[in-house]
Amino acid sequence: MEEKDEIIISLSDVWNIIKKNAAFIIIVTLICAIGSFFITRYFIPKLYTSSIQLYVDTSNDDENKNNLNILSEQTYAQNLVATYIKMLNTNTFYTELSEHINNKYTAKQLSEMVSFSSDEKTEIFDAKVTTPSPNDSKLIADAVGKVAPEAISRLKSKATLKIVDYAQLPTAPSSPNEIKNVIIVMIAGLVISVGISLLRAFLDKKMRYNEEMTMIGDIPILAAIPKFDAVNKSNKKKDKRESV
């Protein structure tokens, strides 16, 4: 059986290829970074986020707390947080929220703009509102702070919602993140340009000679014919001058 030739590539070979294609790699990386910056800044819509923090107060809910002796007061409040978030994340709540802001946005639109989250360790949860307008984000966040406690007060539970931190007017967009996008695309451009350089080098089947080579495969090198392109070009230029 014939043995297949193995291609052995050392780190020095890879480094030499990268150095040889340094200009190409730098140009591609810079083009990707600059392109990402301009696309992020001028073409991707900016979004603004305003948030409000709500607190589940169980101080008036002594009846239910006495019935749940196994749970601590804090654990009981944490369980209520999850329940309240599910209740607020309903079409009924968003319809009330839409009516509160004079139907500027529909219930469906509001459900896509508002998100509730908690760390599951405290009685506090956040309501974040993200829209293309900083004023609208604050407007809806303020409305959540008004409508949410009213919606919760209609439950049989005596626990209430209180505002811990009021909504602020966003002064800068929350997305897109220009620096993050530029870094990601720049790294992608670097990887792609290096990959193309290595692929081109590995697919190049031309045989190159240097003075230290003594063998090509199993065949010894007896002599090498120099490249006469430069000499021929200079002779042609000289002949033209003489003819003139």
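Residues numbered from 1 in each chain as written. Predicted model: local features only at pLDDT ≥ 70, side-chain atom pairs only at ≥ 80, totals over all residues. Heavy atoms only, no water.

Student: Teacher, can you tell me more about the overall build of the protein here?
Tutor: The helix and strand inventory of the protein stands at nine helices and six strands. Counting across all 244 residues of the protein, residues that qualify as buried make up 26%. Across the protein, every contact between residues at least 6 apart in sequence was considered, and the portion connecting residues at least 24 apart equals 75%. Carbon and sulfur atoms make up 58% of the accessible area of the protein, which totals about 17,700 Å². (Helix = DSSP H or I, 4+ residues; strand = E, 2+ residues; numbered from the N terminus. Buried < 20%, exposed > 50% of the residue type's maximum accessible area, 1.4 Å probe, protein only. Contact = heavy atoms within 4.5 Å. Areas by Shrake-Rupley, 256 points an atom, 1.4 Å probe, with all protein chains shown as cover.)

Student: Even after reading the chapter, I still don't get the side chain of S193, so can you show me in this structure?
Tutor: Residue placement: S193 occurs in helix α8 (residues 178-203). We classify S193 as buried; its relative accessible area is 0%. Beyond its immediate sequence surroundings of up to four residues, S193 is in contact with F24, I25, V28 and T29.

Student: Got a minute to help me understand the packing of aromatic side chains in this structure?
Tutor: When we look at a pair of aromatic rings, we describe it by the centre distance and by the angle of the planes. This model, assessed by the stated rule, comprises five aromatic pairs. Taken together through their ring pairs, the aromatic side chains of F93, Y94, F116 and F125 make up a single cluster. Between the NZ or CZ atom of R200 and the centre of the ring of F24, over which it lies, the distance is 5.4 Å. (Phe/Tyr/Trp six-rings, centres within 6.5 Å; stacked < 30°, edge-to-face > 60°. Lys NZ or Arg CZ within 6 Å of the ring centre and 35° of its normal.)

Student: Sorry, what's going on with the side chain of S50 here?
Tutor: By secondary structure assignment, the location of S50 is in strand β1 (residues 48-57). Given a relative accessible area of 1%, S50 falls into the buried group. Within the structure, S50 has its side chain in polar contact with the backbone oxygen of Q168 (distance 2.8 Å). Not counting residues up to four positions away in its chain, the partners in contact with S50 are A127, K128, V129, S137, K138, A141, A167, Q168 and P170. (Polar contact = N/O pair within 3.5 Å; in protein donor to acceptor, adjacent residues only side chain to side chain.)

Student: I tried to follow the sheet that holds strand β4 (residues 160-165) on my own but got confused; where do I start?
Tutor: Sheet architecture is open: four strands sit in the order β2-β3-β1-β4, paired in antiparallel fashion. Lying at the two open borders of the sheet, with one neighbouring strand each, are β2 (114-118) and β4. On average, each strand axis in the sheet is tilted by 30° relative to the strand beside it, whichever way the strands run. In this structure, β1 lies alongside strand β3 (residues 124-131), joined through eight bridges in antiparallel fashion. Bridge pairing in β3 places Y55 opposite I124. Taken strand by strand, helix α7 (residues 134-153) contacts β1, β2, β3 and β4, and its axis lies near 15° from that of β1. (Pairing = 2+ DSSP bridges. Axes fitted to C-alpha atoms, helices over the stretch in contact; angles between N-to-C directions.)

Student: Which parts of the structure should I look at to understand the nonpolar core?
Tutor: A general feature of soluble globular proteins is that nonpolar side chains tend to end up buried together. Counting 33 residues, the largest nonpolar core has F93, L97, F116, I140 and V144 as its most contacted members. Every element with two or more residues in this core is listed here: β1, α4 (73-88), α5 (91-100), α6 (107-113), β2, β3 and α7. Counting residues per element, this core draws most heavily on α7, which supplies eight residues. If we skip the residues at most four places from it in the chain, V144 touches I52, F93, L97, V114, F116, A127 and P149. (Core = buried A, V, L, I, M, F, W, Y, C linked by side-chain atoms within 4.5 Å.)

These results come straight from atomic positions and should not be treated as a statement about function.
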